[in-house]
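Structural characterization, general
Listed here are the chains, written in short residue letters.
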Amino acid sequence: MTSGFVEVAPGIHVLRHPVLDVNVTLIVGDTSALLVDTLTTAGQARELADMVAAMTAVPLAVVNTHHHFDHCFGNAAFLDAPVYAHPEAIDRIRTTDPADVWREWSRTHPGLSGVLDTDIRVPDRPVVHETALDLGGRTAVLRHPGRGHTAGDLIVHVPDAALVVAGDLVEESGPPGFSDAYPLEWPDTVSALLERVGPASAVVPGHGAVVDRAFVLAQHERLTSLAWLIRDGDADGAVAEKVAARSPFGLDASLVAVRRGYDQLAGRG
Ligand SMILES: [Zn+2]
């Protein structure tokens with residue numbers, strides 16, 4: 001089978017999946033391998049499992065960077081693997097209904113209809129703060145850097161390869177997604193992520209091309225200005241539309257962010 005995985009560092013392979021441009025990362029050690037995220041549908045995940053099996057025979061562990069369907073609905077294709085995630089993500093995965101996902105996405109992404117026949121496997125290994133996995137000859141550190149894209153984001157740091165898998169805390173192919181976000185906390189969370197990102201590091205975003213430290217710094221700057229716009233707007237009693245219009249991100253994404261930020265400042269989110 002032709003694999004869509006590309007080796008971005010020794011033993012670290014990234015699959016940039018055409019549907020939603022979502023990334024899956026495979027980190028291969030001497031005695032085990034770690035798969036970061038599992039795509040959306042049972043069909044996509046079966047294909048992914050075949051690709052992974054063709055690349056390595058060592059036992060597999062899985063980690064979900066967060067609860068959004070495109071990162072975790074494929075878990076059931078990896079039944080023998082332990083699945084790590086943050087407790088907040090585990091709760092949300094447990095209560096997500098594939099029918100709701102289909103209702104939201106069917107118009108723009110009819111190819112995701114397989115989501116309705118997909119069994120959801122809830123992660124069984126909670127990571128509250130940090131867990132280091134010995135993969136044999138290399139370590140992968142799973143870490144919750146704080147709230148940002150969601151309440152339960154995890155990043156994966158592979159120190160020997162100077163590589164960080166950021167999930168949707170970093171987005172390359174579109175604006176950050178704010179529907180479940182904490183826009184006022186997101187900048188600090190990216191700062192915590194940046195502590196793991198050296199000058200020569202590679203960062204795998206949740207969607208799009210692999211990026212570098214400079215890209216993450218620029219995104220941090222934009223998230224910081226958005227957070228200040230929200231705080232100022234709230235203090236001035238400005239309507240959300242007016243604040244969103246000044247945001248460095250697109251209007252639609254920013255409007256969601258401003259409303260989330262206002263709710264959180266009012267103690268409602
Ligand atoms: Zn997401």
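Residues numbered from 1 in each chain as written. Predicted model: local features only at pLDDT ≥ 70, side-chain atom pairs only at ≥ 80, totals over all residues. Heavy atoms only, no water.

1. Regarding the packing of helix α5 (residues 186-194) against helix α6 (residues 213-236)
As a packed pair, α5 and α6 sit with axes 8 Å apart at the nearest point and diverge in direction by 160°. When the interaxial angle is binned, α5 and α6 end up roughly antiparallel. Read as a crossing pair, α5 and α6 show a hand that is left-handed. Of the residues in α6, those touching α5 at Trp-186, Pro-187, Val-190, Ser-191, Leu-193 and Leu-194 are Arg-213, Val-216, Leu-217, His-220, Leu-223, Thr-224 and Ala-227. (Axes fitted to C-alpha atoms, helices over the stretch in contact; angles between N-to-C directions. Helix = DSSP H or I, 4+ residues; strand = E, 2+ residues; numbered from the N terminus. Parallel < 35°, antiparallel > 145°, perpendicular 65-115°, else oblique. Left-handed = near helix turned anticlockwise from the far one by under 90°. Contact = heavy atoms within 4.5 Å.)

2. Structural notes on the coordination of the zinc ion
Those protein atoms acting as donors to the zinc ion are His-66 (NE2), His-68 (ND1), His-149 (NE2) and Asp-168 (OD), and they sit at 2.2 Å. Binding-site remark: the zinc ion is held by donors from one chain whose sequence spacing is H-x1-H-x80-H-x18-D. Of the two residues, His-66 is situated in the loop between β5 (60-63) and α2 (69-72) and Asp-168 in the loop between β11 (163-167) and α5; the sequence distance between them amounts to 102 residues. With relative accessibility at 0%, the residue His-66 sits in the buried group. Of the residues examined, Asp-168 reaches a relative accessible area of 4% and is grouped as buried. (Donors = N, O, S within 2.8 Å, 3.2 Å for Na, K, Ca; no water. Buried < 20%, exposed > 50% of the residue type's maximum accessible area, 1.4 Å probe, protein only.)

3. Observations regarding the side chain of Asn-64
Within the element layout of this structure, Asn-64 appears in the loop between β5 and α2. Within the structure, Asn-64 has its side chain in polar contact with the side chain of Asn-75 (distance 2.8 Å). Setting aside residues up to four positions removed in sequence, Asn-64 forms contacts with Asp-37, Thr-38, His-71, Cys-72, Asn-75, Val-83, Tyr-84, Ala-85, Ile-93, Pro-123 and Leu-154. (Polar contact = N/O pair within 3.5 Å; in protein donor to acceptor, adjacent residues only side chain to side chain.)

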